[in-house]
Amino acid sequence: MESNTMEIAHEFLPFFRVYKDGRVERLQGTETMPPSIDPKVGVQSMDSLVSQQHTLHARLFLPIATKQNHKLPVIIYIHGGAFCVQSPFSPTYYTHLTSLVRNAHVLVVAIQYRRAPEHPLPFAYEDAWEAIKWVASHVNRDGPETWLNQHADFEKVFLVGDSAGANIAHNMGIRFGVGELGLKIIGMVLVHPYFATSDDKGEFLEYIFPSMEGLSDPRINPGGGGVDLEKLGCRRRLLVCIAEGDSLRDRGVSYYEAVKKSGWGGVVDIVETAGEGHVFHLVKPNCDKANILTEQIVSFINQD
């Protein structure tokens, strides 16, 4: 019994192990911290239930000095972590998102989704869509969350994600383009997006996404020609952020070029950070280049 408990059935480093008894051991991104009021950074946060059925929450971030009924742009933020680690409640994302809120003066809704391998893709896509619909339920100022009712400018909504979260954000942008929810998603920021190519080995993706239609599946490989990028639901602008030392860099470039060629009616731009790797800004949040990347995102959010 004890040996069965410790025997590994599947292992995908550095993310998780699955033991033969079914237990999943996450190897990173498990630390969490409670919401708080932080006068030092001028940001307050709180958690709100999004899905009672699946016990999924969103963590909201708001500048402390926000006056009653003052409306702010809304960032719907989708965290990364290879679809299987991290959460919107981690210290890593607290640091990053409070910085975004403080500098851009926005309301952030960081959404939770069920993670692989216990909940393989496409669960994360469905949960993200449910969270967007939950945000939209506040458009008439009578939703369940007071901060959204009082402070959200639903004419200025942005989808933002990093790594796997950028992949999910892209898919939400495509899905949003099919129908209206009362929100106006005017922009999207994809930071170091996690996309596949037909040249990948695919073992990891096949394990966490067993219903995937091969490595050409447009949800994983949107630059492969299987998706109509012209239908992206962010109306005005798209920013793709890449890093020179990131193994996923060229996929971000390919996505940027595919959107440019698609006939999508907005403005698409790309910025590259020299000499840094994948999600370096989360690993080294106080370095100069992380600050520059944050400034680039803030400028994108705040432009007219």
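The structure contained in this document is the topic of the report that follows. (Residues numbered from 1 in each chain as written. Predicted model: local features only at pLDDT ≥ 70, side-chain atom pairs only at ≥ 80, totals over all residues. Heavy atoms only, no water.)

**Here we look at the pairing of strand 10 (residues 185-191)**
This is how it is decided: To sort residues, take the accessible area from a 1.4 Å probe on protein chains only and compare it with the maximum for the residue type: under 20% means buried, over 50% means exposed, and anything in between is partly exposed. In this text, helices come from DSSP runs of H or I with a minimum length of four residues, and strands from runs of E with a minimum of two, each type numbered from the N-terminal end. For two strands to count as paired, DSSP must find a minimum of two bridges between them. Whether a crossover is right-handed comes down to one check: with the strands pointing away from the viewer, does the path from the first strand over the helix to the second run clockwise; if it does, it is right-handed.
Within strand 10, seven of the seven residues are buried, which leaves it mostly tucked inside the rest of the structure. The pairing of strand 9 (residues 152-162) with strand 10 spans six bridges and is parallel. Bridge pairing in strand 10 links F158 to G187. Taking the sense of rotation as the criterion, the β-α-β connection linking strand 9, helix 5 (residues 164-176) and strand 10 turns out right-handed. Note that strand 10 and strand 11 (residues 237-243) share five bridges and pair parallel. Paired with V189 across the two strands is L239, which belongs to strand 11.

**Thoughts on the nonpolar core**
Our working definition: We call a set of buried residues a nonpolar core when its members are Ala, Val, Leu, Ile, Met, Phe, Trp, Tyr or Cys and they connect through side-chain atoms within 4.5 Å of each other.
Membership of the largest hydrophobic core comes to 70 residues, with the highest contact counts inside it found for V109, I168, M172, I208, L232, L238 and Y255. Top contributing element to this core by residue count: helix 3 (residues 123-136), with nine residues. Counting residues in hydrophobic clusters, the runner-up holds 31 residues, among them V106, L239, V271 and L282.

**Remarks on the layout of surface pockets**
Our working rule: Buriedness of a pocket was judged along seven lines, with at least five required to meet protein on both sides within 12 Å; pockets are open sets of points on a 1 Å grid over the protein atoms alone, cavities are sets where a 1.4 Å probe fits but cannot get out, and lining residues have an atom within 4 Å of a point. Grid points are joined across faces, edges and corners, and a volume is the space filled by probe spheres set on the points. Residues are sorted three ways: Asp, Glu, Lys and Arg are charged, Ala, Val, Leu, Ile, Met, Phe, Trp, Tyr, Cys and Pro are nonpolar, and all the rest, Gly among them, are polar.
Roughly 640 Å³ of volume is contained in the largest pocket. As for the largest pocket, its lining consists of 28 residues, of which F15, A82, S163, Y194 and H278 are closest to the centre. Elements with a contribution of two residues or more to the lining of the largest pocket: helix 2 (91-104), helix 6 (203-208) and helix 8 (280-283). The greatest single-element share of the lining of the largest pocket, amounting to three residues, is contributed by helix 6. Its residues placed into classes, the lining of the largest pocket shows 14 nonpolar, nine polar and five charged. Elements represented by at least two residues in the lining of the second largest pocket include exactly helix 2 and helix 9 (288-302). Per-element tally for the lining of the second largest pocket: the top contributor is helix 2, with seven residues. Here the lining of the second largest pocket is composed, by residue class, of four nonpolar, nine polar and two charged.

**Overview of the packing of aromatic side chains**
Rules: Here the aromatic set is Phe, Tyr and Trp, taking the six-membered ring for Trp, and pairing holds for ring centres within 6.5 Å; pairs whose planes are under 30 degrees apart are stacked, those over 60 apart are edge-to-face, and all others are tilted.
One pass over the structure, following the stated rule, counts 13 aromatic pairs. A ring pair is formed by F61 and Y94, whose centres lie 6.3 Å apart and whose planes are at 50°; its orientation type is tilted. Placement of F61 in strand 6 (residues 56-63) and of Y94 in helix 2 is noted, with a sequence separation of 33 residues between them. Of the two residues, F61 and Y94, neither departs from the other in class, the shared state being buried.

Just distances and angles here, no functional claims.
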